[in-house]
Amino acid sequence: MKTLLELQGLDLRIHACRKREQEIPKQKSKFETRRQRLSEELSAGEERVKHLQVEQGNLQTEIDKNLEQAKKWETQLSAVKKNDEYQALLHEIAGLKRKNDEIEERVIALEYAIEEAKQHLAEDKQRIAEETKAIETECAAIDKELQEAKAERTELEKERNSFKDQCDPGMLSKYDRIHKRHVGTRVIVPLVNGVCTGCHMAARAQVVNEILEGKIHPCAHCGRLLYDDEALTAAK
């Protein structure tokens, strides 16, 4: 019985390790969410710079197009004979120049906006790089903790195998069968005041007397193996 109790202690520790192996990777989920948020933040900054540059490029193209059109109209002035047509053409040329003046003001404003956006992006890149490095450090620590849990479980399983060879085959078979139904909990429990400490149900009087004499009985309610702690101590 002593060997089975030690085996049970190992099984409980092995179960705790397995539970840790399941829980530890979940810690990385919050870091993955944070990493994704940082990536999206960086992409948004890069997209803003790109958007401003594209807008500036489009406006510059429009300015060049308007200048080219104004030059064409200016060359046509000498060929115009009628005064009203001449004045109309001058009006169109002046309108294009006014439009270009407005566009150039927007281009200048975009210059400042682009520089500011680039500066913010550079600062964000540095901050995000530092935060990402910190996340990687945290994730590496979690991976290390997981490996340690696996290594601990492997050693405990080796130790368990050595204990199995020391157990009575019949009792071990009963233990393994019950253990499958009560994974992570105690399979061998003491009887206290005639009550199973596993399911807290009372045992029959005859069973209680036999357990107090040092025998092992399965609980009629939960199937756990019952023993008396004082009888076990006396047997040692």
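Look above for the structure.
Think of each chain on its own: its residues are numbered from 1, step by step along the sequence as written. Side-chain atom pairs in this predicted model are given and counted only at pLDDT of 80 or more, local residue features only at pLDDT of at least 70, and totals for whole chains, interfaces and linings cover all residues. Remark: hydrogens and water are excluded; side-chain values derive from all non-hydrogen atoms of the structure.

(A) Expanded view of the nonpolar core. Definition used in this section: a nonpolar core is a set of buried Ala, Val, Leu, Ile, Met, Phe, Trp, Tyr and Cys residues joined via side-chain atoms within 4.5 Å. The rule is simple: take the accessible area with a 1.4 Å probe, protein chains only, and divide by the maximum for that residue type; under 20% is buried, over 50% is exposed, in between is partly exposed. Of all hydrophobic cores here, the largest spans 17 residues; its most connected members are Leu4, Leu7, Leu172, Tyr175 and Ile188. Numbered from the N terminus, helices here are DSSP runs of H or I no shorter than four residues, and strands are runs of E no shorter than two. Sorting the residues of this core by element identifies α1 (2-23), α3 (83-164), α4 (169-181) and β4 (225-227) as the ones contributing at least two each. The biggest single contributor to this core is α1, with five residues. Residue contacts for Tyr175: discarding those within four places in its chain leaves Leu4, Leu7, Gln8, Asp11, Arg160, Val187, Ile188 and Leu225. Listed in part, the eleven residues of the second largest apolar core include Val107, Ile114, Ala117 and Leu121. Contact between two residues is taken to exist if any of their heavy atoms lie within 4.5 Å; hydrogens are not considered.

(B) Seen up close, the sheet that holds strand β2 (residues 195-196). With mixed pairing, the four strands of this open sheet are ordered in space as β2-β1-β4-β3. If you trace the sheet from one side to the other, it starts and ends with β2 and β3 (217-218), each paired once. Strand pairing is assigned whenever DSSP detects at least two bridges linking the two strands. The sheet contact formed by strand β1 (residues 188-192) and β2 spans two bridges and is antiparallel. Residue Val192 lies in a different strand from β2, and its bridge partner there is Val195.

(C) Highlighting the side chain of His217. Here His217 is to be found in strand β3. Here a polar contact is taken to be a pair of N or O atoms separated by no more than 3.5 Å, where protein atoms must pair a possible hydrogen donor with a possible acceptor and residues adjacent in sequence count only if both atoms sit in side chains. Here Glu210 takes part through its side chain, which lies 2.4 Å from a polar atom of the side chain of His217. In this view, His217 contacts Val207, Glu210, Ile211, Arg224, Leu225 and Leu226; residues no more than four positions away in its chain are not counted.

(D) Summary view of the pattern of salt bridges. Salt bridges are identified by distance alone: a Lys or Arg side-chain nitrogen within 4 Å of an Asp or Glu carboxyl oxygen. Per the stated rule, a full pass over the model turns up 19 salt bridges. The shortest N-O distance in the salt bridge between Arg160 and Asp11 comes to 2.4 Å. Of this pair, Arg160 sits in helix α3 while Asp11 sits in helix α1, and the two are 149 residues apart along the sequence. Residue classification places Arg160 among the buried positions, given a relative accessible area of 13%. For Asp11, a relative accessible area of 7% puts it in the buried group. One salt-bridge network, in which partners are shared between bridges, spans Arg34, Arg37, Glu41, Asp124, Arg127 and Glu131.

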